[in-house]
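# A closer look at the structure
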Amino acid sequence: MPNFTKAINLIKASEKILILTHKNPDGDAVGSVLSLSLALDNLNKNNDIILKDKIPKVLEFLPGKEKIKYFEDLSEDDLADGKYDLVILADCAELERTGVENIEEIIKPAKNLLIIDHHPEREITNADFKITKIINSRSSSAAEMLFELFTEMEIKITKDIAQCLLTGIFTDTGGFQHANVSPRTLEVAAELMKRGPRINKISQNIFNSKTIPSIKIWGRALARIETDPESGMSVSYIDKQDLEKCGASRDELSGVVNIINTISDSKFSLLLTEGDDQKISGSLRSEEYKGVDVSKIAHGLGGGGHKLASGFETKDDIKSIVSKISGLVSKKEKDSSD
Ligand SMILES: [Mn+2]
C-alpha cells in the first residue's frame, strides 16, 4: 500500500480544494471524484469537482452527481487566483489527459497538486507548483486507493461514498473479471458492500441499461471487425457518421473493445472512434495469456495506460494507424528474437 502521509497532511492543511480527473471520464474517474467530494464535505472542506466532458449516462445513478461542474460553463472569475489552495487529480497522472488546455494556469495559483492514480506515471516537468504523487500501479482502480486513503484518514465511509467507490472498482475491473483484481480488491469491495451498496444494482446500471442507439452502434462496430494477421490484432472503427446515423454518443461505445477482445485467436484488440475534433481515439485491450503489452503500442502512438488496457489519440487516419501498429508490433517481435 502506498504511503499516504503526505497526501493526508496536504488535505488537512487545505480549505478550498479543486477535484479534477481525465477527459472522457469513466466509472473509476467519476466514482473517484464524487467520493472525494463527499468525503471532503464530511471534513467541512470547501470543494468543487470540475470536468471537461459530460459524465456517461450510465453513471448518472451515482450519488452526488449534481455537484459536478463543467469547465465550459465557467467564467475566468470562477477559477480566479486564490480560489483554491489544493488541486487533487484523481485517476489521472498526466496533466495532458485532463483535456483542459490551460490546466497549468488553473493549478498554478493553488500552488499544490496532489495526484492519486493507479496508472503508470510519466514525469510532469517544469511545473510552477508542488506535486505530490500517490501512484500505485498494482491497485485495481483509483477508487480502491481512495478507500485506503479514507480509511487511514478515519473518514466515515457513508453509503453514498461506498456506492461511488464500489462503482469505480466494479467498472475498472470489468465487473471483477480483469487481471487487476487482487485479493485486496475483493476485501475492499466487501467492506464497501457492508455500507449498503449492492453489486447487482451497479451491474444493472452499468451493463444492462442499454439504449437502442447504443445497441445499434455496438452492432456496427462488431459487424466491422477485421483481423490483421501481421500483428494478430482485431480492429474495428466507428466514425462520426455512424454515431449520427445511430443517434448514439461516443461514451455509448464503452465496452465494445472488451467484446472485440474476447476473440481468442487475436493477440490484442483495437477500437478506433472519430471525435468532433477530427481526432481519432483508440482503445487497446489484451489478455494476460495473449502476451502483448498494449501500453507499449499506446506509447508508440503518443498515448499511455496499462499493460492490458491502454489508449491513444491521433490525427492520423485509420489506415495509417493500423499500419503503424502493425509496424510497432512486428518490430518488437524482431527485437526480442534478435
Ligand atoms: Mn481508473
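Up top is the structure these notes are about.
Residues numbered from 1 in each chain as written. Predicted model: local features only at pLDDT ≥ 70, side-chain atom pairs only at ≥ 80, totals over all residues. Heavy atoms only, no water.

### Side note on the overall build of the chain
- Helix and strand counts for the chain come out as twelve helices and twelve strands.
- Across its three principal directions, the C-alpha atoms of the chain cover 55 × 45 × 45 Å.
- A burial count over the chain gives 49% of its 338 residues as buried.
- Nonlocal contacts in the chain, meaning residues at least 24 apart in sequence, comprise 66% of its contacts between residues at least 6 apart.
- Counting every atom, the chain has about 16,400 Å² of accessible surface; 47% of that belongs to carbon and sulfur.
- Computing the positive centroid from 45 side-chain charges and the negative centroid from 54, the chain places the two 3 Å apart. (Helix = DSSP H or I, 4+ residues; strand = E, 2+ residues; numbered from the N terminus. Buried < 20%, exposed > 50% of the residue type's maximum accessible area, 1.4 Å probe, protein only. Contact = heavy atoms within 4.5 Å. Areas by Shrake-Rupley, 256 points an atom, 1.4 Å probe, with all protein chains shown as cover. Lys, Arg positive; Asp, Glu negative; His and termini not counted. Charge placed at Lys NZ, Arg CZ, Asp CG, Glu CD.)

### A closer look at helix H2 (residues 27-42)
- Here H2 spans 22 Å end to end across 16 residues, near enough to the 22 Å set by a 1.5 Å rise per residue.
- For H2, a buried count of 14 out of 16 residues is recorded, marking the element as mostly surrounded by other parts of the structure.
- Looking at the residues trailing H2, positive phi occurs at Asn-44, about 60°. (Expected span 1.5 Å × (residues − 1).)

### A word on the nonpolar core
- Grouped together as the largest cluster of nonpolar side chains are 48 residues, with contacts concentrated most on Leu-114, Leu-149, Phe-150 and Leu-192.
- Once residues lying within four places of it in the same chain are set aside, the contact partners of Leu-192 are Phe-147, Ile-157, Ala-162, Leu-165, Leu-166, Ile-169 and Pro-197.
- Of all hydrophobic cores here, the second largest spans 20 residues; its members include Leu-79, Ala-93, Ile-106 and Ile-115. (Core = buried A, V, L, I, M, F, W, Y, C linked by side-chain atoms within 4.5 Å.)

### Considering the environment of Thr-185
- Its location among the elements puts Thr-185 in helix H6 (residues 183-193).
- A relative accessible area of 0% places Thr-185 in the buried class.
- In this structure the C-alpha to C-alpha distance between Thr-185 and Ser-254, which are 69 residues apart in sequence, comes to 22 Å.
- Non-local contacts of Thr-185, meaning those with residues more than four positions away in its chain, are made with Ser-140, Glu-144, Ile-169, Thr-173, Phe-176 and Asn-180.

### Let's talk about the sheet that holds strand S5 (residues 112-117)
- If you walk across this open sheet you meet the six strands as S3-S2-S1-S4-S5-S6, and the pairing is parallel. Two strands bound the open sheet, and with one partner strand each, they are strand S3 (68-70) and strand S6 (130-135). The mean angle between the axes of side-by-side strands here comes to 25°, regardless of whether they run parallel or antiparallel.
- Inspection of the sheet shows strand S2 (residues 46-51) paired to S3 by three bridges, in the parallel sense. When the sheet's bridge partners are listed, Leu-51 is paired in S3 with Tyr-70. (Pairing = 2+ DSSP bridges. Axes fitted to C-alpha atoms, helices over the stretch in contact; angles between N-to-C directions.)

### Notes on the sheet that holds strand S7 (residues 226-228)
- The six strands lie next to each other as S7-S8-S9-S10-S12-S11, forming an open sheet whose pairing is mixed. Two strands bound the open sheet, and with one partner strand each, they are S7 and strand S11 (304-305).
- Bridge analysis of strand S8 (residues 233-238) against strand S9 (residues 268-274) gives six bridges, and the strand direction is parallel. From the neighbouring strand, Met-233 faces S9, where its bridge partner is Phe-268.

### Comments concerning the packing of helix H4 (residues 142-152) against helix H5 (residues 159-172)
- At a closest axis distance of 8 Å, the pairing of H4 and H5 adopts a crossing angle of 145°. The residues of H5 that touch H4, namely those facing Ala-143, Glu-144, Leu-146, Phe-147 and Phe-150, are Ile-161, Leu-165, Gly-168 and Ile-169.
- Looking at the contact of H4 with H5 residue by residue, the classes come out as seven nonpolar, one polar and one charged. (Nonpolar A, V, L, I, M, F, W, Y, C, P; charged D, E, K, R; others polar.)

### Structural notes on the side chain of His-22
- Relative to the assigned elements, His-22 resides in the loop between strand S1 (16-20) and H2.
- For His-22, a relative accessible area of 5% corresponds to the buried category.
- Within the structure, His-22 has its side chain in polar contact with the side chain of Asp-91 (distance 2.9 Å).
- The contact partners of His-22, leaving out residues within four places of it in the chain, are Ala-29, Ala-90, Asp-91, Cys-92, Arg-97 and Thr-98. (Polar contact = N/O pair within 3.5 Å; in protein donor to acceptor, adjacent residues only side chain to side chain.)

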